[in-house]
Amino acid sequence: MATRKKIALIGAGNIGGELANLVVSKQLGDVVLFDIPAKENFAKGKALDLEQNSAIHGFDASILGTSKWSDCAGADVLIVTAGIPRKPGQSRDDLIATNLPIIRDVADNAKAHCPNAFVIVISNPLDAMVYEFKRRTDFPKERVVGMAGVLDSGRFQLFLARAAGVSVKDVRATVLGGHGDDMVPVLSATTINGLPVSQLVPAETIAGIIDRTRKGGGEIVGLMGTSAFYAPASSAIAMAEAYLLDQKRLLPCAAFLTGEYGYSDMYMGVPVVIGGKGVERIVQVVLSPEEKTMLDKSAKSVQSIVDVVKKN
Ligand SMILES: NC(=O)c1ccc[n+]([C@@H]2O[C@H](COP(=O)([O-])OP(=O)(O)OC[C@H]3O[C@@H](n4cnc5c(N)ncnc54)[C@H](O)[C@@H]3O)[C@@H](O)[C@H]2O)c1
């Protein structure tokens, strides 16, 4: 008998709620919306609200709010947003002291209850959190990935589309490196339906857009007092969908590196193919010397925060 896939969302906050909404509206599977015992009723309430919404839209998937890990048992996909988001003035790295014990707790429970899940980590500081999740669980690198590049690329694409006066559908761009202020928009591969972006948008405008993209998360934190959640959730769902539907999408994701681009034993944003086997391959492309220098700088920042994780 065919059954629906089970998608466990760890953290029932802003991103968790939007993830649940997208999973059921895209009919990807049944949802378990998990949070800590102190937030159990909050998770249950959000789940109930979303289930009632699905009745109006006519979606059949169920959403269970819970604080019991046993309810997550056997999940096919686990998406982790557990932890605190940034407040105005904070960097992602400022979250490490609070979010490190949280990701360890989540990793231990995921290992015990969801040993076969494809795991997408969203919690910040992203590259360090996904590294620690993989280290703690010892899950295969194909099954643990971090979400940042899809979001950062989406922000870059939107700003370019607005500047060029074209549809966002026609802008293709990839942002690599760590999910920090020195992320690397790959300008040499950025096109508007195959046409070089440099011929449609002036260089100084592009420079401003790169700067805005790098600070894109902070801009929203400054406006809302908390992190973005709609676009982050959509980005993770694109990755989950690629896995569940074996789409073989080429997406920029934080993947575990074992020598690719010259880096090892770290997670950082690179182009990967996601399909039914998880991270099926890391695609290595030739970067311009300037881009490679930027990637090296970004890798150094990621390494410094990973070193903090390893020492604690
Ligand atoms: N990777 C990215 O691109 C990206 C983008 C935006 C936000 N983020 C990060 O995602 C995380 C979540 O953001 P949010 O806006 O949803 O925050 P939120 O505060 O709305 O929700 C986080 C939830 O995690 C829960 N939680 C805490 N400890 C937990 C534990 N041990 N187990 C399960 N749940 C636990 C909290 O109770 C809370 O409900 C933050 O760290 C934020 O910085 C990442």
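Quick caveat, the model's predicted, so the values are computed rather than measured. (Residues numbered from 1 in each chain as written. Predicted model: local features only at pLDDT ≥ 70, side-chain atom pairs only at ≥ 80, totals over all residues. Heavy atoms only, no water.)

**Student:** For empty space enclosed by the protein, give the residues involved together with the corresponding values.
**Tutor:** Within the structure shown, the criterion is met by one cavity of 30 Å³ or more. Roughly 40 Å³ of volume is contained in the largest cavity. The wall of the largest cavity is formed by Ala148, Gly149, Asp152, Val175, Leu176, Gly177, Gly178, His179 and Gly269. Looking at the lining of the largest cavity, the elements with two or more residues in it are α5 (149-164) and β8 (175-176). (1 Å grid on protein atoms, 1.4 Å probe; cavity = no way out; pocket = protein on both sides within 12 Å on 5 of 7 lines; lining within 4 Å. Points joined across faces, edges and corners; volume = space filled by probe spheres on them. Helix = DSSP H or I, 4+ residues; strand = E, 2+ residues; numbered from the N terminus.)

**Student:** Explain the site of the ligand residue by residue, including any values.
**Tutor:** In the vicinity of the ligand lie 29 residues, with Asn14, Asp35, Lys39, Ile84 and Met147 positioned nearest. Between a nitrogen atom of the ligand and a main-chain N or O atom of Ile122, the distance comes to 3.0 Å. Separating an oxygen atom of the ligand from a side-chain N or O atom of Asn124 is a distance of 3.0 Å. In isolation the ligand exposes 860 Å². Once the protein is present, 91% of that is buried. For the ligand, the cavity whose grid points lie within 2 Å of the majority of its atoms is the largest pocket. (Near = heavy atom within 4 Å. Polar contact = N/O pair within 3.5 Å; in protein donor to acceptor, adjacent residues only side chain to side chain. Areas by Shrake-Rupley, 256 points an atom, 1.4 Å probe, with all protein chains shown as cover. Sits in = over half its atoms within 2 Å of the grid points.)

**Student:** How would you summarise the packing of aromatic side chains if you had to cite specific residues and measurements?
**Tutor:** Given two aromatic rings, one states the distance between the centres and the angle between the planes to describe the pair. All chains considered together, the criterion is met by five aromatic pairs. Between Phe34 and Trp69, the ring centres sit 4.8 Å apart and the planes meet at 45 degrees, which makes this aromatic pair tilted. In this pair, Phe34 sits in strand β2 (residues 30-34) while Trp69 sits in the loop between β3 (63-66) and β4 (77-80), placing the two residues 35 residues apart along the sequence. According to the relative accessible area criterion, Phe34 is buried, its value standing at 8%. Ring centres 4.3 Å apart and planes at 15 degrees place the aromatic pair Phe118 and Tyr243 in the stacked group. Taken together, the positions of Phe118 in strand β5 (residues 118-121) and Tyr243 in helix α8 (residues 230-244) put the pair 125 residues apart, joining distant regions of the chain. Tyr243 carries the same exposure label as Phe118, and that label is buried. The positively charged end of Lys134 is found above the aromatic ring belonging to Phe256, 4.9 Å away from the centroid. Above the face of the Phe159 ring, Arg212 is positioned so that its terminal group lies 4.1 Å from the ring centre. (Phe/Tyr/Trp six-rings, centres within 6.5 Å; stacked < 30°, edge-to-face > 60°. Buried < 20%, exposed > 50% of the residue type's maximum accessible area, 1.4 Å probe, protein only. Lys NZ or Arg CZ within 6 Å of the ring centre and 35° of its normal.)

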